[in-house]
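# Close look at the chain arrangement
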Number of protein chains: 2
Amino acid sequence: MQISSRFTIAVHIFACIDTFQNQEKLTSNFLASSVNVNPVIIRNILSQLKAAGLVKVQRGSGGASLAKSPKEITFLDIYHAVECIENGELFHFHENPSQQCPVGRNIHHVLDDKLQQVQNALENELQKITLADVFKDTKYYIDKESQS
Amino acid sequence: MQISSRFTIAVHIFACIDTFQNQEKLTSNFLASSVNVNPVIIRNILSQLKAAGLVKVQRGSGGASLAKSPKEITFLDIYHAVECIENGELFHFHENPSQQCPVGRNIHHVLDDKLQQVQNALENELQKITLADVFKDTKYYIDKESQS
DNA sequence: TTATGTTGTAATGTCAACCATTACAATTTA
DNA sequence: TAAATTGTAATGGTTGACATTACAACATAA
């Protein structure tokens, strides 16, 4: 299975926050029209990001803003915030291998550390990328547009 | 979302093939009782592994066997065989970011290489682990059982 | 304080994927 | 030919993703 589009939507939201912070009121409606999804999707994702301490959201007046510096928010933070898997486990292990079978009895011993190793590789890479990288590149591409 | 249990089931099947190859007839029924799922699930996974050139399956007489040496079959091979995502893409990108919005227009430019980098990290790690590792550890744990 | 705009969230619906199960045709072997 | 087994289609239950409507809770400006 794939990682839900909530992840890319969340990064898109952050890119909008940075790009438009002083020009536009960053309401769920505004963000929804940039991402092109229903405003409620945006609100739910903002809720998850807020619960993870990554954004601040104002009720009534509207507007979302960063709760930390862009350098301190990694893709891993965002992934954990929006991807709701129990214990963050990447692999879904089949539930009840037979305890009567020598292989069934030991398959967890054999596999658990290997699966963990793969998950760690994924998470390490996610941790290397921050919103600072995203904001820098977003500015670069938008500036490039206005030149030509 | 999580990687489907088809992956761990597939590795479990391989461990059974190696452990029981000369002692038992490796039918879908036998494998199903070790994994503890319906035999049809086993047959479907064996079909996918066969299509990927990883196993041979005999009809009628029953029995599955490796199509390559254990050293040559990596977790990445199994992952690709069993996980049916288009182009093997790990991330599901939201479909239609607004082309009216500067951020929406450029979000793919900004993100695509970063997502690819994460996917590569995952796949590289999957490629490091082979069935030879699994078979070695399976033997180790089963031998350890019979000692005590 | 009231009107307005906005977020938070519940409820509902559609769709796709996963996994289970039954059934039976196709195939192999004894 | 009979028995065993795989291949695969059909069906159903369950869950998660995403969309949408509706409205209560809350903040701000007049």
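Read on for a plain summary of the structure. What you are looking at is a predicted structure, and each value in this text was computed from that prediction instead of being measured.

Around DNA strand D sit 28 residues in total, of which Ser 4 and Ser 5 of chain A together with Ser 28, Arg 43 and Gly 60 of chain B are the nearest. By atom count, sugar and phosphate contribute 68% of the portion of DNA strand D lying within 4 Å of the protein. At 2.5 Å, a side-chain N or O of Ser 5 of chain A approaches a phosphate oxygen of DNA strand D. Within the side chain of Lys 50 of chain B, an N or O atom sits 2.9 Å from a phosphate oxygen of DNA strand D. Looking at the surface near DNA strand D, the elements that each hand over two or more residues are α3 (39-51) of chain A together with α3 (39-51) of chain B. With five residues, the top contributor of residues to the surface near DNA strand D is α3 of chain B. Tallied by class, residues from the surface near DNA strand D come to six nonpolar, 15 polar and seven charged.

Our focus in this paragraph is the protein's contact with DNA strand C. Taken together, 28 residues are adjacent to DNA strand C, and Ser 28, Arg 43 and Gly 60 of chain A together with Ser 4 and Ser 5 of chain B come closest. Sugar and phosphate atoms form 67% of the subset of DNA strand C atoms that lie within 4 Å of the protein. A distance of 2.8 Å is found between a phosphate oxygen of DNA strand C and a side-chain nitrogen or oxygen belonging to Ser 4 of chain B. Among the elements of the structure, α3 of chain A together with α3 of chain B are those that each provide at least two residues to the surface near DNA strand C.

Now for the interface of chain A and chain B. Listed as interface residues are 56 residues of chain A and, on the opposing side, 56 residues of chain B. Roughly 5,200 Å² is buried in total at the junction of chain A and chain B, and carbon and sulfur atoms are behind 68% of that figure. As a salt-bridge pair, Arg 105 of chain B and Glu 145 of chain A come within 2.7 Å of each other at their nearest N and O atoms. At the boundary of chain A with chain B, the tally comes to 24 residue pairs in polar contact (both at pLDDT 80 or more). Residue assignment for the side of chain A that touches chain B shows that the elements contributing at least two residues are α1 (6-20), α2 (28-35), α5 (102-128) and α6 (131-147) of chain A. Residues belonging to the side of chain A that touches chain B are distributed by class as follows: 30 nonpolar, 18 polar and eight charged.

Analysis parameters
Residues numbered from 1 in each chain as written. Chains lettered and ligands numbered in written order. Predicted model: local features only at pLDDT ≥ 70, side-chain atom pairs only at ≥ 80, totals over all residues. Heavy atoms only, no water. Near = heavy atom within 4 Å. Polar contact = N/O pair within 3.5 Å; in protein donor to acceptor, adjacent residues only side chain to side chain. Helix = DSSP H or I, 4+ residues; strand = E, 2+ residues; numbered from the N terminus. Nonpolar A, V, L, I, M, F, W, Y, C, P; charged D, E, K, R; others polar. Contact = heavy atoms within 4.5 Å. Buried area = accessible area lost by both parts, 1.4 Å probe. Salt bridge = Lys/Arg side-chain N within 4 Å of Asp/Glu carboxyl O.

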